[in-house]
Amino acid sequence: MALAMTSSPPQPPPPSHRRRRRPQPAAPTPNANAKPKPRAKALPLLSDVGVGRDPSAIKYYARVASNLAGAGRLRDFLLAAEGLRAAAGDDPSFAARISARLLSRGVAAAVRDRGLPHVLEFLRDAQRVRVPAAEMLDADAADAVAAACRMVLEERRMAEFVEVVEALARYGFYVQGIVNPMDVLKIFVKKHDPDMAIRYARIFPNSQLLLCNTMEAFGKRKDLKSALTVFGALKGQLGGINMFACRSVIDICGHCGSSVQARIIFENLGVAPDLTSYNILLKTCCNAREFNLAQEIYEEMKKKECDGLLKLDVFTYSTMMKVFADAKMWKMASNIKEDMQAGGVRLNLVTWSSLINAYANSGLVDRAIEILEEMIRDGCQPTAPCFNIILTACVKSCQYDRAFRLFSSWKKSGIKISLSPEQKRCLDGGAFTFCKEYPSNGSTTLVVPFRPTVTTYNILMKACGTNAERAKSVMNEMRRNGLCPDLISWSILMDIHGTSQNRDGAIQALRRMQRIGIRLNVSAYTVAIKACVANKDLKLALHLFDEMKAHQLKPNLVTYKTLLTARSNYGSLQEVQQCLAIYQEMRKAGYEANDYYLKELIVEWCEGVLSSGSDNRDFYNLDLQPKRKESFNLFLEKVATVLQKDVDQNQIVDVRGLSKVEARIVVLSVLRKIKEQYLLGTAVQDDVVIITGHEKTSRTEVETSAVDVEHAIVTVLTDDLGLEVLIGPGSHLPVLPNPKALTKSRSNLQAPTKFTRPQGVIKIPVNSLNHWLKKKAARD
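Residues numbered from 1 in each chain as written. Predicted model: local features only at pLDDT ≥ 70, side-chain atom pairs only at ≥ 80, totals over all residues. Heavy atoms only, no water.

### Section: the overall build of the protein
At step 1: Along its length, the protein carries 40 helices and 8 strands.
At step 2: Burial statistics for the protein: of 780 residues in total, 47% are counted as buried.
At step 3: Counted over contacts in the protein with a minimum sequence separation of 6, partners at least 24 positions apart contribute 68%.
At step 4: As presented, the protein carries roughly 40000 Å² of accessible surface, and 50% of it is formed by carbon and sulfur atoms. (Helix = DSSP H or I, 4+ residues; strand = E, 2+ residues; numbered from the N terminus. Buried < 20%, exposed > 50% of the residue type's maximum accessible area, 1.4 Å probe, protein only. Contact = heavy atoms within 4.5 Å. Areas by Shrake-Rupley, 256 points an atom, 1.4 Å probe, with all protein chains shown as cover.)

Structure below.
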């Protein structure tokens with residue numbers, strides 16, 4: 001039997017020891033109607049036909065195998081390759097004779113027709129027969145495989161994509177050319193999946209760098225847990241401490257506000273920490289506002305400096321200066337300045353600016369101006385932010401007129417500093433831009449010019465208070481000086497309009513920003529929404545809220561809080577549903593939603609169903625104190641769920657997990673909704689079923705809580721509303737709406753209802769509901 005081929009090659013040369021071939025039967029006459037015979041599933045080994053180690057035979061059958069590969073018959077190619085390898089005694093010359101062009105053509109066709117799994121199986125088997133198929137593929141075949149991998153990635157089949165890339169790398173494929181690895185790692189960062197990110201990064205030779213970048217990407221998203229997971233994997237892969245990785249993770253801890261974790265990592269480095277590591281740890285404490293911990297580390301560094309182990313630099317002092325400036329500890333900041341001078345370290349622009357900020361944050365404007373003048377005498381030329389710090393301090397302390405006076409003085413004549421002859425000699429030859437004046441007494445006056453920026457004018461706009469006209473005048477002066485008002489400028493103007501009860505002015509400013517091409521952000525829309533809320537125009541505020549989302553802008557926490565606190569009371573079911581929709585959207589966006597003000601409004605709204613109105617406020621005050629956040633969120637979710645149902649649906653109210661007060665609010669909310677819909681013409685079609693749960697546990701406090709919930713609901717339904725209720729799993733026994741009867745016949749009622757052991761279900765029959773609704777409608 002001869003090997004099959006796609007074309008008729010020339011006959012192979014006869015080998016030196018050729019076996020006698022058996023006579024073959026005559027070929028049958030071709031029949032056009034006959035079905036083609038299936039291909040042979042296996043090819044004979046060359047040892048069976050006597051090829052041996054004949055080079056010419058190996059060359060011939062290598063050409064046959066190449067033709068099989070080129071025709072897309074990859075399995076037949078592997079069978080031929082396996083047979084040749086066995087017959088040739090693992091002679092590597094066979095693999096070198098395979099046509100890479102034909103093999104690449106077959107692989108590209110297999111990717112297109114059969115998909116990646118078939119090609120991966122082929123590459124695996126090719127390794128088994130010692131044919132480096134992946135290394136032999138040309139650019140076209142490699143591009144076809146890479147394109148198929150990218151298709152898997154685009155469909156976000158991430159686990160499958162990683163498995164495919166792992167297999168390709170194992171078979172020798174150049175996986176770096178498929179896609180930028182960091183683009184894939186960013187997807188895992190967004191999904192908060194550090195394990196899959198670690199697995200994917202380890203495929204590549206530069207896995208250490210990829211893991212470091214992934215760790216920093218998790219840190220930027222403030223996902224400290226995932227960042228530490230990647231750090232642990234990196235540490236284990238390196239088999240020791242990598243100072244670059246340690247410094248990075250310490251910095252990440254600071255960015256995530258976990259200075260304690262940074263300190264733990266720092267203390268467990270296993271090597272003597274250097275100045276850079278200490279400085280990063282200080283920066284971490286500064287970002288996390290851990291002032292006491294920063295001071296402890298600073299004292300430790302000073303001790304090491306005394307022992308000759310460290311030499312503090314300007315970055316160390318500048319960081320500590322900023323720590324104390326943020327904490328409004330101007331005395332401690334002044335001590336840092338003295339330490340720098342004692343250590344022979346000259347203050348730079350950052351250090352001087354932090355010192356000015358320390359006094360300004362403490363409201364010591366005069367002292368901040370003195371430090372600014374001292375800075376100039378020391379040879380450090382201030383920039384506009386140094387002046388802006390002082391102006392901001394004036395605004396924060398409500399010294400608006402002083403801010404304008406300082407601005408006018410500096411803008412007109414700059415800052416004039418008298419210099420002694422020694423100070424003048426120190427400044428000569430420096431990089432100062434100033435004018436010198438020489439009075440008659442021989443002293444020198446240094447004039448430092450002041451060049452205001454857009455930020456400077458924005459600070460002045462804040463100093464306008466509620467005077468919108470003055471703020472517009474500042475914006476006009478900004479333009480006359482060649483500066484263009486930015487997004488912050490217009491936002492300040494909108495806020496001034498809103499504070500002064502000028503809603504139209506705020507909206508006009510917003511639309512003007514859009515007309516002149518300023519791209520609005522969430523903060524600008526939030527300021528406009530706040531202006532509408534301040535002017536009691538919630539409808540326009542909600543319109544702007546929808547407009548913001550239509551522009552693909554995600555509301556922030558301030559936006560949601562502004563809308564949730566917009567109402568002082570609720571007048572209708574629609575208003576409550578509107579507010580709860582915002583609340584649920586806020587929850588889905590990942591923001592904390594423990595807004596007790598919202599809970600109080602819902603209490604007030606649902607109590608409107610009672611004739612007593614607000615007589616039960618003392619009852620609620622016991623439960624309106626901040627408690628477990630999970631319980632509060634569960635309560636609002638229950639309210640949102642029941643209020644979003646239609647009245648004609650089965651009203652099943654699940655109050656399990658709620659306190660007796662929260663359960664009462666949920667039940668009253670349902671009844672208030674039913675009442676409002678009834679007044680609009682929607683009749684009740686079914687019973688209301690309240691599920692309180694049946695706690696089968698030995699814990700007495702849990703059983704007592706379930707009893708309290710059921711009793712509170714029955715009391716408000718029967719005593720306050722006069723409804724008939726059924727209690728128990730089958731809800732067959734009625735509880736009459738008569739408070740006196742409930743008291744007199746307690747012994748008869750208590751046995752079947754079993755208040756001491758909750759039955760889990762309370763039902764309000766539809767007939768009782770309709771009777772109650774008719775009475776309420778007649779009374780209202």
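Further notes follow.
### Focus on the layout of surface pockets
At step 1: Approximately 260 Å³ is the volume attributed to the second largest pocket.
At step 2: Lining the second largest pocket we find 15 residues, and of these Lys-462, Ser-491, Ile-492, Asp-495 and Val-527 sit closest to its centre.
At step 3: Secondary-structure elements contributing two or more residues to the lining of the second largest pocket are α27 (487-499) and α29 (522-534).
At step 4: Looking at the lining of the second largest pocket, the element that brings in the most residues is α27, giving 7 residues. (1 Å grid on protein atoms, 1.4 Å probe; cavity = no way out; pocket = protein on both sides within 12 Å on 5 of 7 lines; lining within 4 Å. Points joined across faces, edges and corners; volume = space filled by probe spheres on them.)

### Looking at the packing of aromatic side chains
At step 1: For the structure on display, the rule yields 13 aromatic pairs.
At step 2: Ring centres 5.4 Å apart and planes at 35° place the aromatic pair Trp-330 and Tyr-359 in the tilted group. Residue Trp-330 is located in helix α19 (residues 330-342), and its partner Tyr-359 is located in helix α20 (residues 349-361); the two are separated by 29 residues in the primary sequence.
At step 3: Residue classification places Tyr-359 among the buried positions, given a relative accessible area of 2%.
At step 4: Ring geometry for Phe-407 against Tyr-457: centres 5.5 Å apart, planes inclined by 70°, an arrangement best described as edge-to-face. Highlighted residues: Phe-407 in helix α23 (residues 400-413) and Tyr-457 in helix α25 (residues 454-462), separated in sequence by 50 residues.
At step 5: The exposure class assigned to Tyr-457 is buried, which follows from its relative accessible area of 0%.
At step 6: By the ring-pair criterion, three or more aromatic residues cluster together here, those being Phe-387, Phe-407, Trp-410, Phe-450 and Tyr-457. (Phe/Tyr/Trp six-rings, centres within 6.5 Å; stacked < 30°, edge-to-face > 60°.)

### A look at the packing of α20 against helix α22 (residues 384-396)
At step 1: Packing of α20 against α22 brings their axes to within 9 Å, and their N-to-C directions diverge by 10°. Considering the angle they form, α20 stands roughly parallel to α22. Residues Leu-349, Ser-353, Ile-356, Asn-357, Ala-360 and Asn-361 of α20 touch α22, and the partners they reach there are Cys-386, Ile-389, Ile-390, Ala-393 and Lys-396.
At step 2: Taken together, the residues that form the contact of α20 with α22 break down as 7 nonpolar, 3 polar and 1 charged. (Axes fitted to C-alpha atoms, helices over the stretch in contact; angles between N-to-C directions. Parallel < 35°, antiparallel > 145°, perpendicular 65-115°, else oblique. Nonpolar A, V, L, I, M, F, W, Y, C, P; charged D, E, K, R; others polar.)

### Focus on the side chain of Thr-456
At step 1: Structurally, Thr-456 is set in helix α25.
At step 2: Taking relative accessible area as the criterion, Thr-456 reaches 0% and is therefore assigned buried.
At step 3: Excluding its chain neighbours within four sequence positions, the residues that come into contact with Thr-456 are Asn-388, Leu-391, Phe-407 and Phe-450.

### A look at the nonpolar core
At step 1: Formed by 233 residues in total, the largest nonpolar core has its most connected members in Tyr-200, Leu-671 and Leu-717.
At step 2: When residues no more than four places from it in sequence are discounted, the contact partners of Leu-671 are Val-609, Leu-717, Leu-721, Leu-723, Ile-764, Leu-769 and Trp-772. (Core = buried A, V, L, I, M, F, W, Y, C linked by side-chain atoms within 4.5 Å.)

### Details of a positive patch on the surface
At step 1: Among the surface-exposed residues, Arg-156, Lys-190, Lys-191, Arg-221 and Lys-554 lie close enough to one another that they form a single positively charged patch.
At step 2: In this structure, Arg-156 sits in the loop between α8 (139-154) and α9 (158-170).
At step 3: Judged by relative accessible area, Arg-156 falls into the partly exposed class, the value being 46%. (Patch = residues over 30% accessible without salt bridge, like charges linked within 9 Å, V, L, I, M, F, W, Y side chains within 5 Å. Salt bridge = Lys/Arg side-chain N within 4 Å of Asp/Glu carboxyl O. Lys, Arg positive; Asp, Glu negative; His and termini not counted. Charge placed at Lys NZ, Arg CZ, Asp CG, Glu CD.)

### Re the packing of helix α36 (residues 660-679) against helix α40 (residues 766-779)
At step 1: Remark: α36 packs on α40, axes separated minimally by 10 Å, with the N-to-C direction vectors making an angle of 65°. In terms of orientation, α36 lies roughly perpendicular with respect to α40. When the axes of α36 and α40 are compared, the crossing they make is right-handed. Within the contact between the two elements, α36 uses Leu-671, Ile-674, Lys-675, Tyr-678 and Leu-679 and α40 uses Leu-769, Trp-772, Leu-773, Lys-774, Lys-776 and Ala-777.
At step 2: Residue composition of the contact of α36 with α40, by class: 8 nonpolar, no polar and 3 charged. (Left-handed = near helix turned anticlockwise from the far one by under 90°.)

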